[in-house]
Amino acid sequence: MTSAAQVSIANRSLLSVGARAQISSFTEGSTESDAINVLFTPTFESLGRAAHWNCLRKQITLSLLAAAAGTPENPLGTSMNIPPSPYLYMYALPSDCLQVRYLLPTFAQNIGAGTVPMTTASLVADSRFYGIGQIQYEVAYSTDNQDNPIQVILTSQTQAQMVYTVNQPNPVIWDSMFQAAMVASLAAYLVPALSLNLPLMDRSIKAAESIIAQARVRDGDEGVVTQ
């Protein structure tokens, strides 16, 4: 179902390319709404992958699907499915994932009273010792127990967390920079569909590229810096 915020983004894109008509929904049947109905979702998904937008950042602990024989989760190789070699674990890729950014380990935060330490090391590990991108992984194809196709993450990291770009097309949670980039990107696709004004399309593309470049710089300034 189309939200009012999505319609607002679409109308801003129409205004930016000089369209006289505005829309009230993506399915009203006008030329403009038909074009936007086709273009909105793929434009959003492509833009979401173009930079590590802070407004689309999500972090979760992954759901384990398979573990190699000899791991704590599958010591005898009979408790769970076995992941493809050489990886030790296979996790489910979240259904709302647009792009994987990086993996992190899960650390125990609360140690109960009376727990006997297994080592002289600190019981609370610090994730900053794991640099961004240092944990290797691959996104791969697999099937579930009903033989349905699924996407998975292959890695040798136990209890892995994933930071990723979430597929959230509701503009209510987008920041102003992402909204501006979406308006410019959608406008670039609307030009050939509505007017074939190539100079206008070129200006819209350059505007979108400029905003994406600014977002990448901002992400570098606000994100974790590793050496």
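Note: the structure precedes this text.
Worth saying up front: this structure is predicted, and the values here are computed from it rather than measured. (Residues numbered from 1 in each chain as written. Predicted model: local features only at pLDDT ≥ 70, side-chain atom pairs only at ≥ 80, totals over all residues. Heavy atoms only, no water.)

Engineer: Describe in detail the side chain of threonine 43, supporting the description with residues and values.
Structural biologist: Tracing the backbone shows threonine 43 in helix H2 (residues 31–50). In terms of polar contacts, threonine 43 uses its side chain to reach the backbone carbonyl oxygen of leucine 39, at 2.7 Å. Filtering out sequence-adjacent residues up to four positions away, threonine 43 remains in contact with Met182, Ser185, Leu186 and Tyr189. (Helix = DSSP H or I, 4+ residues; strand = E, 2+ residues; numbered from the N terminus. Polar contact = N/O pair within 3.5 Å; in protein donor to acceptor, adjacent residues only side chain to side chain. Contact = heavy atoms within 4.5 Å.)

Engineer: Mind laying out the sheet that holds strand S3 (residues 89–92), listing which residues take part and the relevant values?
Structural biologist: On the basis of which strands lie adjacent, the open sheet formed by four strands has the order S2-S3-S6-S5 and antiparallel pairing. Both outer strands of the open sheet, strand S2 (64–67) and strand S5 (137–143), are each paired with one neighbouring strand and no more. Pairwise comparison of adjacent strand axes, ignoring direction, gives a mean angle of 30° for this sheet. As defined by bridge partners, S5 adjoins strand S6 (residues 149–155) across seven bridges and the pair is classed as antiparallel. Following the sheet pairing, tyrosine 137 is matched in S6 by threonine 155. (Pairing = 2+ DSSP bridges. Axes fitted to C-alpha atoms, helices over the stretch in contact; angles between N-to-C directions.)

Engineer: Could you give me a rundown of the packing of aromatic side chains, with the residues and numbers involved?
Structural biologist: Enumeration according to the criterion identifies six aromatic pairs in this entry. Between the aromatic rings of phenylalanine 26 and phenylalanine 40, the centroid separation amounts to 5.2 Å while the plane-to-plane angle is 55°, which identifies the pairing as tilted. Taken together, the residues span a long stretch of sequence, with phenylalanine 26 in the loop between helix H1 (4–16) and H2 and phenylalanine 40 in helix H2 at a distance of 14 residues. For the pair formed by phenylalanine 26 and phenylalanine 40, the shared burial category is buried. Where phenylalanine 44 meets phenylalanine 178, the ring centres are 6.0 Å apart and the plane angle is 80°; that geometry is what we call edge-to-face. (Phe/Tyr/Trp six-rings, centres within 6.5 Å; stacked < 30°, edge-to-face > 60°. Buried < 20%, exposed > 50% of the residue type's maximum accessible area, 1.4 Å probe, protein only.)

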